[in-house]
Amino acid sequence: MSPLIRVSRTETADPALPLPAYETAGAAGADLRADLPGRAPVTLAPGERALIPTGLRLEIPPGYEVQIRPRSGLALKHGITLPNTPGTIDSDYRGPLGVILMNAGQEAFTVAHGDRIAQMIVAPVVQARFELADTLSETDRGAGGFGSTGRG
Ligand SMILES: O=c1ccn([C@H]2C[C@H](O)[C@@H](COP(=O)(O)OP(=O)(O)OP(=O)(O)O)O2)c(=O)[nH]1
């Protein structure tokens, strides 16, 4: 069965704003909306970023995380992205969910109340254990990285 994420609204949120929703049967991401009730739209100049409230708090079940990712349409048409993509929402976080929106385009972009600004992906996550070791197991790759296997 799919995990249940309990959602509450922040004190100042617009109760009429739709909750995150999957737009199609096979969608991986549920769209998040800007919650700016009674506030002027937020205009991002080229290169500018802002924390946009969603008006939501999440109760993510243990063993899961939420990733906040850009919407490709906004990215392609307007250069709108998230500098921290994918934003990580921890299962024990109960604060307001915010989206750090950045304008990597060449023109100003305005976010209005209710706009779909990003999408959230729910994913299983594991916590590893960490142990200090004197030596690590050997592999064919060894220390090769950062393009060590050549171009293409
Ligand atoms: O795009 C984001 C990223 C994070 N968060 C919230 C939820 C997350 O659980 C918390 C902490 O995020 P993160 O661990 O990425 O931030 P940090 O800079 O390491 O802060 P902290 O020291 O609070 O963990 O902030 C958001 O609302 N939106």
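The name recorded for the protein chain in an unreviewed UniProt entry is Deoxyuridine 5'-triphosphate nucleotidohydrolase, from Pseudoruegeria aquimaris. The heading Pathway (unreviewed entry) in the UniProt record of the protein chain holds the text "Pyrimidine metabolism; dUMP biosynthesis; dUMP from dCTP (dUTP route): step 2/2." Regarding the protein chain, the relevant UniProt record gives this comment under Catalytic activity (unreviewed entry): "dUTP + H2O = dUMP + diphosphate + H(+)".

Student: It is not clear to me how the confidence of the model for the protein chain should be interpreted in this structure. Could you clarify?
Tutor: Should pLDDT be low for a region, the predicted coordinates there are not to be read in detail. On average, residues of the protein chain score 97 in pLDDT, and 100% of them are at 70 or above. As scored by the predictor, the complex reaches a pTM of 0.95 and an ipTM of 0.97.

Student: Please explain the site of the ligand as it appears in this structure.
Tutor: Residues in close proximity to the ligand include Asn 84, Gly 87, Thr 88, Ile 89, Asp 90, Tyr 93, Pro 96, Leu 97 and Gly 98, which together make up its full environment. For the ligand, whose free accessible area comes to 570 Å², the fraction covered by protein is 49%. In terms of residue class, the shell around the ligand is made up of four nonpolar, four polar and one charged.

Student: How should the sheet that holds strand E10 (residues 98-103) be read in this particular structure?
Tutor: The strands making up a sheet associate through backbone hydrogen bonding, with each pair oriented either parallel or antiparallel. The strand order E5-E10-E8 describes an open sheet built from three strands, whose pairing is antiparallel. If you trace the sheet from one side to the other, it starts and ends with strand E5 (49-53) and strand E8 (80-81), each paired once. Both E8 and E10 contribute to a ladder of two bridges, which runs antiparallel. Bridge assignment links Thr 81 to a residue of E10, and that residue is Met 102.

Student: Even after reading the chapter, I still don't get the sheet that holds strand E9 (residues 87-89), so can you show me in this structure?
Tutor: The antiparallel open sheet is built from five strands, whose spatial order is E2-E3-E12-E7-E9. A strand with exactly one partner marks an edge of an open sheet, and here the two such strands are strand E2 (21-22) and E9. One ladder, built from four bridges, connects strand E3 (residues 30-33) with strand E12 (residues 116-124); its direction is antiparallel. Counted as the bridge partner of Ala 30 is Met 120 from E12.

Parameters and conventions
- Residues numbered from 1 in each chain as written.
- Predicted model: local features only at pLDDT ≥ 70, side-chain atom pairs only at ≥ 80, totals over all residues.
- Heavy atoms only, no water.
- UniProt positions renumbered as here; feature names shortened; annotations may be inferred.
- pLDDT = per-residue confidence, 0-100.
- Near = heavy atom within 4 Å.
- Areas by Shrake-Rupley, 256 points an atom, 1.4 Å probe, with all protein chains shown as cover.
- Nonpolar A, V, L, I, M, F, W, Y, C, P; charged D, E, K, R; others polar.
- Pairing = 2+ DSSP bridges.
- Helix = DSSP H or I, 4+ residues; strand = E, 2+ residues; numbered from the N terminus.

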